[in-house]
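Residues per chain, in single letters:
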Amino acid sequence: MEANTYDFIIVGAGSAGSVLANRLSASGDYRVLCLEAGTEGSNYIWSRIPIGVAKLIDNPAVNWCYSCEPDEGSGQRRIEVPRGKMLGGSSSINGMVFVRGQRQDYDHWAQLGNRGWSYQDVLPLFKMMESYEGGSDEFRGRDGLLKVTDSPQITPFFEKLIQSAEKIGIKRNPDYNGAEQEGIAMTQATINKGRRQSTAYCYLDPARGRPNLTIETGAMAASLILEGKRCVGVRYAVNGQAREARATRELIVSSGSINSPKLLELSGIGQPDLLREHGIEVRHELPGVGENLRDHYSPRMRFSITEKDATFNDKGRGWKLVREVMNYAISRKGFMAMSSVPIRMYFRTREGLDSPDATISVMPFLAERVNRERRIARQRGVTMNINVLRSDSRGSIHIKSTDPAEPPAINFNFLSSELDRTGVIIAMRKGRELMAASPVSDIVGEELAPGPAYQTDEELLEWVRNNAETTYHPVGTCKMGQDAMAVVDDQLRVHGIEGLRVADASIMPTLTSGNTNAPSIMIGEKCSVMVLAAAEGAKAKAAA
Ligand SMILES: Cc1cc2nc3c(=O)[nH]c(=O)nc-3n(C[C@H](O)[C@H](O)[C@H](O)COP(=O)(O)OP(=O)(O)OC[C@H]3O[C@@H](n4cnc5c(N)ncnc54)[C@H](O)[C@@H]3O)c2cc1C
């Protein structure tokens, strides 16, 4: 058994963990260990090319490839739950859509009692972390590590869709990450010069040469080492070999919404009955561990399109695909250089709301699955991801065994909230309204899914239950707060345990209004500030 000692240990090098690895090691004053269960990732060319998402989304070499337990809201199906398992975590396999969420999301977190998390508090972090050319200086950052760009309008289809949205009262929004989110816009993406901007690339690569930063890949954390109510290190395995590392200051769990609660439970932190059921000694009772799971449940509507070359279906096959490959190789442009979800609209499903509560993200192609392989279909068309933005249905994630390699039980409990059921139906009807408005209506063929046979609320809901997928945004399973079910406080310190924080999507008390990569990176930035402030404070105290 090797024992290594560091100032800080970070478990998981994903969206949040990579940020922490960079920031905590930047001054050179602290020794930092970052453990990542997955691979190095640099061999995976598909994680650098935007179109490569299709090759990553169910690839066990770089993806945990979880699936959920059957539940009523999903017609007892086991829906796939992909999660990145490589440096950069899910930011290395995700759809690259860049959305901060709404001002109200963070103000709500603050209202729940989380000091320092209001929009005014987190805006400087969002600005600091990004480099984006559009929008106004009041809201956008120009020289951060993360490059963000606008998806280009490479076919006239996009402008047609925007004009149709305007016809149904949805305005064009030049910056949905600016003053307000509402409207239709080309997606902002973590893509620069045709390359994915994962946190591995933007945060870890610039820090790798630092002598005080150790990054271990293939290093699977099995449990935390607790001495009384203090976390002092972690047990982990590399190639089956057991190791230990010690943290003299703090350990930060950044293993993501699925694996962070699992690691706490395997370490004896969680619901006493559940831990005892598995023969795990209860080290600290925290009933909220693994609860409050929220995600964006998403039906995918599909429409055929009659106009040639309007969608990516024509570009994605045969000699046109060869031309696209050449275009990408030479100029890093074309559909291979884009997010697969290049346009989206945010809108309200009912009057009286303060801000949008639903979004439709349009993928300008139809996809098909042949065995496990996903590819662009021959038929020309578009796919619409429908999301209620702040899903209210809540589920849980809990261990099924004491074996760290065993996936946990993921119970989403989708559509258990009335708000989610009504919201999704209204949003689907909005999708139909959009496609029936000109000019896009001139090139829409037929609604392929759910199809004209599905009209009543009951029929639509039944179709959603049997067909929806997640949008891959699980959050909330180690939620921040002050109530009995909170796992961390507003400094992200695990309630009742010293020297231990959680920093990743699991700490979100509620879902942000949109995709969750940008908020997870912000959480990594904010945690870094808090950890460094505590360390500097401790040093000053010791010196006094
Ligand atoms: C297919 C897909 C598409 C998505 N599309 C988008 C999108 O377009 N835009 C967007 O904003 N968001 C998107 N998301 C969501 C977004 O990427 C995530 O919310 C975000 O990356 C979560 O960050 P995190 O730090 O919480 O976890 P992760 O980035 O998942 O990082 C967790 C890390 O911890 C490691 N780890 C786990 N357990 C252990 C252990 N025991 N020991 C050591 N290491 C461990 C994991 O391997 C991983 O690297 C998508 C996600 C997926 C999976």
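Since the structure is predicted, the reported quantities are computational estimates derived from the model, not experimental observations.

A. Local environment of the layout of surface pockets. Put simply, the second largest pocket is a space of about 350 Å³. Arg350, Asp357, Arg390, Asp392 and Leu419 are the residues nearest the centre of the second largest pocket, which is lined by 19 residues in total. Looking at the lining of the second largest pocket, the elements with two or more residues in it are α3 (103–111) and α11 (418–435). No fewer than three residues from each of domain 1 (1–58 + 82–151 + 193–293 + 474–544) and domain 2 (152–186 + 297–388 + 415–467) sit in the lining of the second largest pocket.

B. Representation of the sheet that holds strand β8 (residues 188–189) in the model. Taken together, three strands build an open sheet; the order of strands is β5-β6-β8 and the sheet is mixed. A single partner strand is all that each edge strand has here, and the edge strands are β5 (130–132) and β8. One ladder, built from two bridges, connects strand β6 (residues 146–150) with β8; its direction is antiparallel. Bridge assignment links threonine 149 to a residue of β8, and that residue is alanine 189. With respect to the sheet, helix α4 (residues 119–129) is in contact with β5 and β6, its orientation differing from that of β5 by roughly 65°.

C. Region of the structure containing empty space enclosed by the protein. Within this structure, the stated rule accounts for two cavities of 30 Å³ or more. Here the largest cavity is characterised by a volume of approximately 110 Å³. Lining the largest cavity are 13 residues; nearest its centre among them are Asp295, Tyr297, Ser391, Phe414 and Asp420. Residue assignment for the lining of the largest cavity shows that the elements contributing at least two residues are β23 (381–388) and α11. A per-class count over the lining of the largest cavity returns seven nonpolar, three polar and three charged. Looking at the second largest cavity, its volume works out to about 40 Å³. Lining the second largest cavity, in full, are His296, Arg344, Thr359, Asn387, Leu389, Thr471, His473, Gly514 and Asn515.

D. Spotlight on the site of the ligand. Close to the ligand lie 38 residues, the nearest being Ser15, Glu36, Ser90, Thr516 and Asn517. At 3.0 Å, a backbone N or O of alanine 37 approaches a nitrogen atom of the ligand. Contacts to the ligand include methionine 86, whose backbone N or O atom sits 3.3 Å from an oxygen atom. Calculation on the ligand without its partners gives an accessible area of 1000 Å², and the protein chains cover 97% of this total. It is strand β12 (residues 219–227) that provides the largest number of residues to the shell around the ligand, a total of three residues. In the shell around the ligand, the residues fall into 16 nonpolar, 18 polar and four charged.

E. Structural detail: the environment of glutamate 166. Its place among the elements puts glutamate 166 in helix α5 (residues 156–167). Using a relative accessible area of 36% as the deciding quantity, one classes glutamate 166 as partly exposed.

F. Structural context of the packing of α3 against α4. Running from amino to carboxyl end, α3 crosses α4 at an angle of 125°, the nearest separation of the two axes being 8 Å. The orientation of α3 with respect to α4, classified from their angle, is oblique. Contact with α3, carried on its side by Arg103, Tyr106 and Asp107, involves Tyr119, Gln120, Val122 and Phe126 of α4 and no other residues of that element.

G. How the structure looks around the domain arrangement of the protein chain. Entries for the protein chain in the domain assignment read domain 1 (1–58 + 82–151 + 193–293 + 474–544) and domain 2 (152–186 + 297–388 + 415–467). Using only C-alpha atoms to locate each centre, domain 1 and domain 2 end up separated by 31 Å. Facing 28 residues of domain 1, the contacting portion of domain 2 comprises 28 residues. Viewed at the interface, domain 2 and domain 1 are joined by three salt bridges. Note that aspartate 58 is salt-bridged to arginine 369, the shortest N-O span being 2.8 Å. The class makeup of the residues in the side of domain 1 that touches domain 2 is 11 nonpolar, nine polar and eight charged.

H. Here's a closer look at the packing of α4 against helix α13 (residues 517–543). Where α4 meets α13, the axes come as close as 9 Å, and the angle between the chain directions of the two elements is 105°. Relative to α13, the element α4 lies roughly perpendicular. On α13, the residues that touch Val122, Leu125, Phe126, Met128 and Met129 of α4 are Ala518, Pro519, Ile521, Met522, Glu525, Lys526 and Val529. Considering only residue class, the contact of α4 with α13 consists of 10 nonpolar, no polar and two charged.

I. The nonpolar core, seen in detail. By size, the foremost hydrophobic cluster in this structure holds 77 residues, and its most contacted members are Trp117, Val234, Leu492 and Leu500. When residues of this core are assigned to their parent elements, the largest contribution, eight residues, is made by α13. Residue contacts for tryptophan 117: discarding those within four places in its chain leaves Tyr106, Trp109, Ala110, Val122, Met480, Asp490, Leu492, Ile507, Met522, Ile523, Lys526 and Met530. If you look at the next biggest cluster of nonpolar residues, it comprises 69 residues, including Ile79, Phe335, Ala358 and Val444.

J. Spotlight on the sheet that holds strand β7 (residues 183–186). Across the sheet, six strands lie side by side as β7-β19-β20-β23-β18-β26; this open sheet has antiparallel pairing. Each edge of the open sheet is held by one strand with a lone partner, namely β7 and β26 (444–449). Taken pair by pair, the neighbouring strands of this sheet meet at an average axis angle of 20°, ignoring direction. Packed on one face of the sheet, α11 meets β18 (300–305), β19 (343–347), β20 (358–363), β23 and β26 and runs near 150° to β23.

K. Main features of the environment of isoleucine 168. Relative to the elements of secondary structure, isoleucine 168 occurs in the loop between α5 and β7. Judged by its relative accessible area of 17%, isoleucine 168 falls in the buried class. A sequence separation of 268 residues divides isoleucine 168 from alanine 436, and the C-alpha atoms of the two residues are 9.7 Å apart. Those residues within four positions of isoleucine 168 in sequence are excluded, and the remaining contacts are Met345, Lys430, Glu433, Leu434 and Ala437.

L. Structural view of the pattern of salt bridges. Per the stated rule, a full pass over the model turns up 41 salt bridges. Of the charged contacts in the structure, one is a salt bridge between aspartate 314 and arginine 380, with a shortest N-O distance of 2.8 Å. Placement of the pair is aspartate 314 in helix α9 (residues 312–315) and arginine 380 in the loop between β22 (373–376) and β23, with a sequence separation of 66 residues. Accessibility expressed as a relative area gives 23% for arginine 380, which makes it partly exposed. Glutamate 418 is the partner of arginine 421 in a salt bridge, and the nearest nitrogen-oxygen pair spans 2.8 Å. One end of the pair is arginine 421 and the other is glutamate 418, both in helix α11 and three residues apart, which spans about a single turn. Judged by relative accessible area, arginine 421 falls into the partly exposed class, the value being 22%. Within the structure, one salt-bridge network assembled from shared partners comprises Asp58, Glu80, Arg369 and Arg374.

Parameters and conventions
Residues numbered from 1 in each chain as written. Predicted model: local features only at pLDDT ≥ 70, side-chain atom pairs only at ≥ 80, totals over all residues. Heavy atoms only, no water. 1 Å grid on protein atoms, 1.4 Å probe; cavity = no way out; pocket = protein on both sides within 12 Å on 5 of 7 lines; lining within 4 Å. Points joined across faces, edges and corners; volume = space filled by probe spheres on them. Helix = DSSP H or I, 4+ residues; strand = E, 2+ residues; numbered from the N terminus. Domains from an automatic or database assignment. Pairing = 2+ DSSP bridges. Contact = heavy atoms within 4.5 Å. Axes fitted to C-alpha atoms, helices over the stretch in contact; angles between N-to-C directions. Nonpolar A, V, L, I, M, F, W, Y, C, P; charged D, E, K, R; others polar. Near = heavy atom within 4 Å. Polar contact = N/O pair within 3.5 Å; in protein donor to acceptor, adjacent residues only side chain to side chain. Areas by Shrake-Rupley, 256 points an atom, 1.4 Å probe, with all protein chains shown as cover. Buried < 20%, exposed > 50% of the residue type's maximum accessible area, 1.4 Å probe, protein only. Parallel < 35°, antiparallel > 145°, perpendicular 65-115°, else oblique. Salt bridge = Lys/Arg side-chain N within 4 Å of Asp/Glu carboxyl O. Core = buried A, V, L, I, M, F, W, Y, C linked by side-chain atoms within 4.5 Å.

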